[in-house]
Amino acid sequence: MELAAQSGTVAPSVLRKNSLIDSLMHGLTRSAALLVLLLLGGVIGVLIHGSIPAFEKFGFGFFTTEKWNPVTEIFGAAAPIYGTIVTSVIAMFIGVPISIGIAIFMTELCPRSLKRTLGTGIELLAGIPSIIYGLWGLFVLAPLLQQYVQPALISAAEGIPWLESLFTGPPYGIGVLTAALILSIMVLPYITSVTRDVFETVPPMLKESAYGLGATTWEVVWKVVIPYTRTGIVGGVMLGLGRALGETMAVTFVIGNAHRIATSLIAPGTTISATIANEFTEADGEMYTSALISLGLILFMITFIVLAAARLMLLRLQMKENR
Amino acid sequence: MDAFVQDTKLYARRKRRNAIAMVLSYIAAGSGFVALLWILGTLVSKGIGGLSFETFTAMTPPPGESGGLLNAIYGSAIQTLVAALVGTPIGILAGTFMAEYGRGTKTATIVRFINDVLLSAPSIVIGLFVYELMVRPMGHFSAWAGSVALAILVIPVVVRTTEDMLLLVPNTLREAASSLGASRWRVINKVCYRAALSGLVTGALLAVARISGETAPLLFTSLNNQFWSTDMNQPMANLPVVIFQFAMSPYQDWQKLAWVGALIITTTVLALNILARSLSSPRGQQS
C-alpha cells in the first residue's frame, strides 16, 4: 500500500524527466544529422567565396584557357579539366569490363569456397590508401611502362593516322596513360562490389528458367542478368567514375604535372586534384590561391553531379526491388 | 539433314562464344588478384628491408642522414585519434536520428542522400575547405586543422554504418522495451545501442582505417614538420605527407623511408579492416 502510494507520487516526475531527456536527445541527434547538410552547404559556400576573385578576373574564359602562369598571374582551367576527364574516361574503359568480368566470375563461376576469399581480396584492394597506389605507380609501373610498353605502343602506332597522334613523343613513363592505368586498378573494387551486389539481386528463378531453356552461362549473363541489373551497373560505374575524377594522391605521383593539353596519351599532363595537391602550399598571392580554389569548386561540382546521379540510380533500383 | 547441320553449327558457335566469355571472366578475376598481390608484394619487399628499431625511435632525417619516422607516426596517430574522437560521436548521433527518431522522415532521406555523396567526395576538397575555414583565419598550418579535416571524413562513414546497423535491430526488441514503459532514449540507449554495438564499433574502425591513409586533406592543413612536435597549434608531421614528400624527392634514403612508411600505413589499415570485418560477421555465420 505504501509502495503503491509512493510510486504514484514519484512517477509523474520521472515521466517528466524522461520526456525532457527524450526531447533533448531528439534535438541533439537531429542537429547532428543537420550538421551533415551544413557540411555540404559549408563546403560549397566556402569554395564559392574563395573562388570569387579568380572568376571575377577571368570570367568564363577560366574554363577555356589552357595557359597557367603563376608569374604573370594568368590562370586557365582547361588543361586540368581535360586531364581529369581523359584519365577518368580511359580508366573506365579499362576498369569497367574487368570489374564486370570479376563480378560475373564471382556470381556465376567461382566455387563457394573461393567466393569469400576473392570478396575479401577485392575489399582489401579498396582499403589500400591511395598514396600506396601512387608510390607503386611511380616506382614500379612507370619504369615498366617506360621500358617496355610505351616504346612498343609508339612503334606499333607509327604510320596509323589516328593512333599515331595518341602515342607520340618520348616515353617518359609518367603521364596521362600511367595515371589512367592506376585509376583503373583503383576503381576495380568499387565497381566490382556494386556490380556483384546487384547481380545477386537477380531472382534465381529467372536464371534457372533461362538455364532450363538450354542457355549457356554467357547467354544467361548477357540476356538475363545484365538487362535485369542495368540501372545498378550504371550506378556502380558512375560511383567508380566519381572516385576516379576526385582521386588525388595516386594521380599526383604519376601524372607529371604539366599544364598543357597534349593529344598524346603518353605525354605528361595534369588533373584538377593533382594541380591543387602540387601547387596549393606554394601558391603565393591572392589570385593564385583563388584560381586553385576555383579548380576545387569545379572538381567538387563535377563529382557531386556524377555521384548524385549514381546514388539516384541505385536508389531507384532499391525501390524497385522492395516493391 | 540440312537443318541438323545448321543446328550443330549454331550450337558449336554458342558454346564457343560461351567459352570465350568465361575465359575472359577468369582472366578478369585473375588480374584483379594479381594486382593486389603485386602491390602488396612490392610494398613488403621494398619496405621490410628498411624497417628497423630506428624507424620507431628516430625523427625524420635531413637528406643523406639516417633516421626514422617517429614524429610522423606520432603525428598521424594523434591526429587520427582526435579526428575519430570528434567525428564518431557526431556520426553516431546523426545515424541515430536517421534510424530512430527521424526514421522515414523527409529530413532523414535527404541527409542519407547527401551523406552518401559526401562519403565518396574528393578528400582534397575537404582540405581546401578546412584551409579556408581554419588555416587562413588562424594564419598558420596546425594539427588542429588536420584533425578537423580528418573528422569531416569520419562523419559520413560512421553515419552510414550506424544507420545500417540500427536498422538491423528488430523492431520487436524496441516494442518490448517500450511496452515495459521505457522512454524512447532509454530504448535506444539500453536496447538498440547494445544490440548494434559490434556494428557501431565496426563503423568507427572502418572510419579510422579510411582516414589513417588520407594524404590530400592534410597537405594544406597540418602540412608537415621535420621535428618532434606535440603542439596541436603548430604544423605536425604525419605519415602520408612524409611519404609523399620523401617519395617525390631525389634522395635514395628518403625514398627508402617512404616505402617503410607505406608498409606501416598499409599494415595498419588492412589490420583495421580485417578486425572490423571479423567484428561485423558474428561467429559461425557463413558467407
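Residues numbered from 1 in each chain as written. Chains lettered and ligands numbered in written order. Predicted model: local features only at pLDDT ≥ 70, side-chain atom pairs only at ≥ 80, totals over all residues. Heavy atoms only, no water.

### Quick notes on the overall build of chain B
Then comes step 1: Of the regular secondary structure elements, chain B holds 11 helices and zero strands.
Then comes step 2: Reading chain B from its N end, one meets helices and strands in the order α-α-α-α-α-α-α-α-α-α-α.
Then comes step 3: Over its C-alpha trace chain B gives a radius of gyration of 25 Å, far above what one expects of a compact globule, namely 19 Å for 287 residues.
Then comes step 4: On the principal axes, the C-alpha backbone points of chain B span a range of 85 × 65 × 40 Å.
Then comes step 5: Of the roughly 13000 Å² of accessible surface on chain B, 65% is carried by carbon and sulfur atoms. (Helix = DSSP H or I, 4+ residues; strand = E, 2+ residues; numbered from the N terminus. Rg over C-alpha atoms; globule rule 2.2 N^0.38 Å. Areas by Shrake-Rupley, 256 points an atom, 1.4 Å probe, with all protein chains shown as cover.)

### Observations regarding the pattern of salt bridges
Then comes step 1: The full count for this structure, using the stated rule, is 13 salt bridges over all chains.
Then comes step 2: A salt bridge links Arg14 of chain B to Glu219 of chain A; its shortest N-O distance comes to 2.7 Å. Of this pair, Arg14 of chain B sits in helix H1 (residues 2–47) while Glu219 of chain A sits in helix H9 (residues 217–228), which puts the two residues in different chains.
Then comes step 3: Note on Arg14 of chain B: relative accessible area 26%, which makes it partly exposed.
Then comes step 4: Arg136 of chain B serves as the salt-bridge partner of Glu286 of chain A, at 3.7 Å between the closest nitrogen and oxygen. Of this pair, Glu286 of chain A sits in helix H13 (residues 286–322) while Arg136 of chain B sits in helix H4 (residues 123–138), each in a different chain.
Then comes step 5: Residues joined by salt bridges that share partners form a network here, namely Glu123, Arg196 and Asp197 of chain A together with Arg277 of chain B. (Salt bridge = Lys/Arg side-chain N within 4 Å of Asp/Glu carboxyl O. Buried < 20%, exposed > 50% of the residue type's maximum accessible area, 1.4 Å probe, protein only.)

### Examining helix H10 (residues 230–246) of chain A
Residue and element names in this part refer to chain A.
Then comes step 1: An ideal rise of 1.5 Å per residue puts 24 Å on 17 residues; H10 measures up with 25 Å between its terminal C-alpha atoms.
Then comes step 2: Listing the buried residues of H10 in full gives Gly232, Ile233, Gly235, Gly236, Val237, Leu239, Gly240, Leu241, Gly242, Ala244, Leu245 and Gly246.
Then comes step 3: Its buried side turned inward, H10 meets helix H3 (78–109), helix H7 (176–199), H9, helix H12 (272–279) and H13. (Expected span 1.5 Å × (residues − 1). Contact = heavy atoms within 4.5 Å.)

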